[in-house]
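Here's the letter readout for the chains.
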Amino acid sequence: MTRPTSILEILHPDGSTGYAILNRTPFSIGAAADADLRLAGSGLGPHQARIVRLGGRYHLVRERPDGRVAVDGRPAAEGVAPLTDGSLITFGPGCAVRLRFRQGGALAPAGQDRLVALMDIARSITASIDLNDVLARVLEGAVRFSGAERGFLFLKGPEGLIPWTPDGIVPPNLEVSRTVAEEVARTGRPLDRDRIGDEGGGSVTASIVRLRLRAILCLPLSCRGETIGVVYLDSRRALPHHRPELPLLEALAGLAAVAIQNSRLVAERLRAERTLAFAQMARGIVHDLRTPLTSIRGLAELLLERAAPTDASRPHLRTIIGEVDRLTGLTGDLLQMSRDAPPLCREALSIDDLVRRTLASLDVRLRQRGVTVELDLDPAARISADAPRLVRVLHNLVANALDAMSAGGTLAITGRPIPPIVRLIVRDTGGGMPEEVRARVFEPFFTHGKRGGTGLGMAIARTIIEEHGGTIRLESSPGCGTTVTIDLPAGPAVPREANATGSTQAEANGSTAN
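Computed from a predicted structure; not experimentally measured. (Residues numbered from 1 in each chain as written. Predicted model: local features only at pLDDT ≥ 70, side-chain atom pairs only at ≥ 80, totals over all residues. Heavy atoms only, no water.)

Asks: Any chance you could break down the overall build of the protein chain for me, citing the residues and the numbers?
Replies: Per the secondary structure count, the protein chain includes 13 helices and 23 strands. In the protein chain, which comprises 514 residues, the proportion classed as buried is 46%. Taking the intrachain contacts of the protein chain between residues at least 6 apart in sequence as the baseline, contacts between residues at least 24 apart amount to 61%. (Helix = DSSP H or I, 4+ residues; strand = E, 2+ residues; numbered from the N terminus. Buried < 20%, exposed > 50% of the residue type's maximum accessible area, 1.4 Å probe, protein only. Contact = heavy atoms within 4.5 Å.)

Given below as structure tokens:
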């Protein structure tokens, strides 16, 4: 029979989450060193509250008559409040940390019960295909099964390990032992450091001492021989199970990695299906719009030529022509998105020349907004690409940065070769964007806080970069600005004429027109 184990999720103001296991009753909470869960905050007493189990249910008991303790926003009446799964416990404005009560759990004593617990967690992980939901279940399951106080999940990115959080906002100073996480990501082997400080507990780094850790457990998330991330668990107390069963935990981590990869594949498949449906719709729209638009513009130009200089209709005719041109540009955008655009016309390009060419057309707007431009462009960064299309991508990125820096700021553009690619980074100091916006920024017709936009700019930018065999990614969070990173294949000088005629030399250089 599995023994249910309840936990407290410790919700810190920086967005990180810790965990405390209710391994005794009563379970004291307060500022005292001997409290079962020690919290800091003005007005918080040595023993502010305790959790007790009465009649098969958990209750929160207020220890101080004047103590501010609330459950789900309601003060503890008569000093006692029953707890149910998901109950949120707060301690007034003087304590920014909140606690969420989780009933039951899957931490079992040993043997067969541990296998049952593992299966419960596995079923929870595989019950969802949403990536963020899967990641949250992986982390929660690992913490519950191991008995750790805190848990963090890191995913591998181009620049190393990237912390994952449910809201996408990463705390600036994440208090973990990075050395351990990076070692596990590099070697692909789990690391179990139980009872740190005891004889045989292993070496102690500065971060472990600073965090006063007693146990660290770090597991690689590996799928088909590739490590895609790590689960990092630690505790300031010895884990409930001395040297947890690593084979079971590795099995859990392996299953989690497969679930994460499956979620990514599903998301990519859905995106591809949406793109295909959009392309079919776009082709039909463009076909139906272009002929009448050409007729409308021609007639408006004819009427404008015949109108007298003082004719009151002239401004209206110019408006018609301008709107027709705007709609014609939109049809071009739709064709670009449907991948029915003309083949790439590649030429040997310098990133330095490409960036300066783009900034020249936006110089007035940059000066009007009070934006300082910082360039770090390596002359050796050269590519074989379609210049007008890449200028369009850069123009869109810089224009977006200008919109984000309405009160001025800094636009930093870096370009350098990192064989076999050339990396271009566009970074602004604007207000940034929340995770729900960042996650959708490449979706067609998605706009946020921008007047008159079609919502196609970033979607077209990704299409153009992918046509060139490159990748584009965007990182942003509120108050931290936005960074767009573009990786393009580095290539030797390829004459425009050779590409236009489809020469074999261009093919040998991997620069065939798409």
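Asks: I'd like a description of the pairing of strand S12 (residues 150-157), backed by residues and values.
Replies: Of all eight residues in S12, six are buried, a share of seventy percent or more. Where S12 lies against strand S16 (residues 226-235), six bridges are found, and the strand directions are antiparallel. Bridge pairing in S16 places Leu155 opposite Gly229. (Pairing = 2+ DSSP bridges.)

Asks: Help me get a handle on the packing of aromatic side chains, residues and values and all.
Replies: Under the counting rule described, the total for this entry stands at two aromatic pairs. On the basis of an interplanar angle of 55° and a centroid distance of 5.4 Å, the ring pair of Tyr58 and Phe101 is categorised as tilted. Linking Tyr58 in strand S6 (residues 57-62) with Phe101 in strand S11 (residues 98-102), this pair joins segments that are 43 residues apart in sequence. This pair shows no difference in class: Tyr58 is buried, exactly as Phe101 is. Where Phe152 meets Tyr232, the ring centres are 6.3 Å apart and the plane angle is 50°; that geometry is what we call tilted. Here Phe152 is found in strand S12, whereas its partner Tyr232 is found in strand S16, with 80 residues between them in sequence. We classify Phe152 as buried; its relative accessible area is 9%. (Phe/Tyr/Trp six-rings, centres within 6.5 Å; stacked < 30°, edge-to-face > 60°.)

Asks: Summarise the sheet that holds strand S23 (residues 482-489); cite the residues concerned and give the values.
Replies: As summarised here, the arrangement of the five strands in space is S18-S20-S21-S23-S22, forming an open sheet in which the pairing is mixed. Since the sheet does not close on itself, it has two edges, and those belong to strand S18 (371-377) and strand S22 (471-476), each with one partner. Across the sheet, the mean angle from the axis of one strand to that of its neighbour is 10°, orientation sign disregarded. In the sheet, strand S21 (residues 421-428) pairs with S23 via eight bridges, with the strands oriented antiparallel. Across the sheet, residue Val422 finds its bridge partner in S23, namely Leu488. In the packing of helix H7 (residues 351-361) onto the sheet, contacts are made with S18, strand S20 (409-418) and S21, and the angle to S18 comes to roughly 165°. Along the sheet, helix H11 (residues 457-467) contacts S22 and S23; its crossing angle with S22, the most-contacted strand, is approximately 140°. (Axes fitted to C-alpha atoms, helices over the stretch in contact; angles between N-to-C directions.)

Asks: Got a sec to walk through the environment of Ala185? Specific residues and values, please.
Replies: Mapped onto the elements, Ala185 comes out in helix H3 (residues 178-187). We classify Ala185 as buried; its relative accessible area is 6%. Counting along the chain gives 30 residues from Ala185 to Leu155, while the straight-line C-alpha distance between them is 9.2 Å. Not counting chain neighbours up to four residues away, the residues in contact with Ala185 comprise Lys156, Leu161, Thr227 and Val230.

Asks: Quick rundown of the pattern of salt bridges? Include the residues and the values.
Replies: Summed over the entire model, instances satisfying the criterion amount to 17 salt bridges. Residues Glu9 and Arg102 are paired through a salt bridge, measuring 3.2 Å at the closest nitrogen-oxygen approach. Placement of the pair is Glu9 in strand S1 (residues 7-11) and Arg102 in strand S11, with a sequence separation of 93 residues. For the salt bridge of Arg389 with Asp386, the shortest nitrogen-to-oxygen distance reads 3.6 Å. On the accessibility criterion, Arg389 (12% relative accessible area) is buried. (Salt bridge = Lys/Arg side-chain N within 4 Å of Asp/Glu carboxyl O.)

Asks: Residue-level account of the packing of H7 against helix H9 (residues 387-404), with values.
Replies: At a minimum axis separation of 9 Å, H7 and H9 run at an interaxial angle of 55°. In this view, H7 runs oblique relative to H9, as classed from their interaxial angle. Here the hand of the crossing between H7 and H9 comes out right-handed. On H9, the residues that touch Leu354, Val355, Arg357, Thr358, Leu359 and Ser361 of H7 are Ala387, Leu390, Val391, Leu394, His395 and Val398. Class assignment of the residues belonging to the contact of H7 with H9 gives a composition of eight nonpolar, three polar and one charged. (Parallel < 35°, antiparallel > 145°, perpendicular 65-115°, else oblique. Left-handed = near helix turned anticlockwise from the far one by under 90°. Nonpolar A, V, L, I, M, F, W, Y, C, P; charged D, E, K, R; others polar.)

Asks: Could you give me a rundown of the sheet that holds strand S4 (residues 37-38), with the residues and numbers involved?
Replies: In space, the five strands of this open sheet follow the order S4-S3-S5-S6-S9, with mixed pairing throughout. At either margin of the open sheet sits one strand with a lone partner, and together these are S4 and strand S9 (80-82).

Asks: Give me the environment of Val355: which residues, what numbers.
Replies: Position of Val355 relative to the elements: it lies in helix H7. Classification of Val355 as buried rests on a relative accessible area of 2%. The spacing of Val355 and Leu394 is 39 residues in sequence and 7.3 Å in space, taken between C-alpha atoms. Among residues more than four places away in sequence, those in contact with Val355 are Leu375, Leu377, Leu394, Ile413 and Leu424.

Asks: I'd like a description of the nonpolar core, backed by residues and values.
Replies: Within the largest apolar cluster, 48 residues are counted, with the highest numbers of intra-cluster contacts made by Leu411 and Ile486. Top contributing element to this core by residue count: H9, with nine residues. The contact partners of Ile486, leaving out residues within four places of it in the chain, are Val393, Leu397, Val422, Arg423, Leu424, Ile465, Thr471 and Ile472. Counting residues in each nonpolar core, the second largest holds 34 residues, with Leu155, Trp164, Leu248 and Ala253 among its members. (Core = buried A, V, L, I, M, F, W, Y, C linked by side-chain atoms within 4.5 Å.)

Asks: Residues and numbers for the packing of H9 against H11, please.
Replies: Two numbers describe a pair of packed helices, the interaxial angle and the distance between the axes. Running from N to C, H9 and H11 point in directions that differ by 145°, and their axes come no closer than 9 Å. Once H9 is placed against H11, the crossing between them reads as left-handed. In contact with Arg389, Leu390, Arg392, Val393, Asn396, Leu397 and Asn400 of H9, H11 contributes Gly457, Met458, Ile460, Ala461, Ile464, Ile465 and Glu467. Its residues assigned to classes, the contact of H9 with H11 comprises eight nonpolar, three polar and three charged.

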